[in-house]
Amino acid sequence: MTVTLEVSDHVGTIRLDRPPMNALDIAVQDRLRELAEEATRRDDVRAVILYGGEKVFAAGADIKEMQQMDHPAMVVRSKALQDSFTAVARIPKPVVAAVTGYALGGGCELALCADYRIAADNAKLGQPEILLGLIPGAGGTQRLARLVGPSRAKDLIFTGRQVKAAEALEIGLVDRVVPAAEVYEQAHAWAARLARGPALALRAAKESVDAGLETDIDTGLTIERNWFAGLFATEDRERGMRSFVEEGPGKAKFV
């Protein structure tokens with residue numbers, strides 16, 4: 001398999017394994033969607049890591065495969081491509097990208113689907129599609145602009161330049177930079193901590209932020225209010241408040 005889902009201690013790792021550069025061909029794209037949907041369904045998966053291995057996250061699309069496609073073929077395929085990445089972005093659980101080496105084109109777009117990005121100090125990210133006479137097609141023009149702002153997104157998309165880890169951290173493209181040997185370990189620690197948290201509250205928080213960003217603030221506040229009130233029907237809320245009152249903050253054991 002070119003993409004796998006491995007689960008340990010309620011943390012699911014979606015691992016790209018298509019040497020040498022984890023090029024995102026159609027088979028990989030479709031498999032990503034399948035595993036994102038599986039991670040969404042499975043109760044034993046409470047947080048997710050996106051990982052390409054020690055050397056490279058994903059260096060982009062399979063250019064040789066794309067070169068053979070004409071306009072009618074891409075009209076059909078582009079929707080499936082976006083759907084695959086959207087399935088990852090909509091996993092209703094915390095998702096962290098563990099970025100090593102190159103995360104370019106579709107690889108960068110895949111990292112953008114995560115809630116949090118931990119990058120190796122030797123990582124390089126970018127959207128080089130313009131160098132092929134194209135634009136990002138798996139969400140890059142939308143998710144990148146929402147993450148780093150329109151001006152910085154346009155700079156990266158217009159020039160196709162690669163961003164080193166330090167600059168990626170500075171502009172908010174990644175959230176933490178660590179030594180290359182520690183990327184997966186730190187991503188797992190982030191995911192494992194959240195996997196022990198209240199699953200429904202984490203889902204509510206993620207959906208409130210994501211849905212709120214796509215609408216006006218009044219609608220966003222309504223989304224937040226409905227989730228907030230709804231969580232008062234959960235056992236985790238009862239446990240969390242009881243633990244706070246009886247033992248102090250941060251000691252609740254959630255179900």
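The protein chain is annotated in an unreviewed UniProt entry as enoyl-CoA hydratase from Streptomyces fulvorobeus. Its UniProt record gives the protein chain the following Sequence similarities (unreviewed entry) comment, quoted word for word: "Belongs to the enoyl-CoA hydratase/isomerase family."

Assigned domains of the protein chain: these are domain 1 (3–196) and domain 2 (199–247). The centre of domain 1, based on its C-alpha atoms, is set 27 Å off from the matching centre of domain 2. The partner domain 2 presents seven residues to the 10 residues of domain 1 that form the contact. When domain 1 packs against domain 2, the two sides together hide about 640 Å² of surface, and 48% of this comes from carbon and sulfur. Considering only the surface of domain 1 that becomes buried against domain 2, Arg-46, Pro-92 and Arg-146 emerge as the three largest contributors, covering 58% of it. The tally of links from domain 1 across to domain 2 stands at two salt bridges. Its salt-bridge partner being Asp-115, residue Lys-206 comes within 2.9 Å of it at the nearest N-O pair. Partitioned by chemical class, the residues of the side of domain 1 that touches domain 2 number six nonpolar, no polar and four charged.

For the rest of this paragraph, the subject is the packing of helix H1 (residues 26–41) against helix H3 (residues 71–89). Following both chains from N to C, one finds H1 and H3 inclined at 40°, their axes separated by 8 Å at the closest point. Put simply, H1 runs oblique to H3. For the crossing formed where H1 meets H3, the hand is left-handed. Within the contact between the two elements, H1 uses Ile-26, Gln-29, Asp-30, Leu-32, Arg-33 and Ala-36 and H3 uses Arg-77, Leu-81, Asp-83, Ser-84, Ala-87 and Val-88.

Cut-offs used in this document
Residues numbered from 1 in each chain as written. Predicted model: local features only at pLDDT ≥ 70, side-chain atom pairs only at ≥ 80, totals over all residues. Heavy atoms only, no water. UniProt positions renumbered as here; feature names shortened; annotations may be inferred. Domains from an automatic or database assignment. Contact = heavy atoms within 4.5 Å. Buried area = accessible area lost by both parts, 1.4 Å probe. Salt bridge = Lys/Arg side-chain N within 4 Å of Asp/Glu carboxyl O. Nonpolar A, V, L, I, M, F, W, Y, C, P; charged D, E, K, R; others polar. Axes fitted to C-alpha atoms, helices over the stretch in contact; angles between N-to-C directions. Helix = DSSP H or I, 4+ residues; strand = E, 2+ residues; numbered from the N terminus. Parallel < 35°, antiparallel > 145°, perpendicular 65-115°, else oblique. Left-handed = near helix turned anticlockwise from the far one by under 90°.

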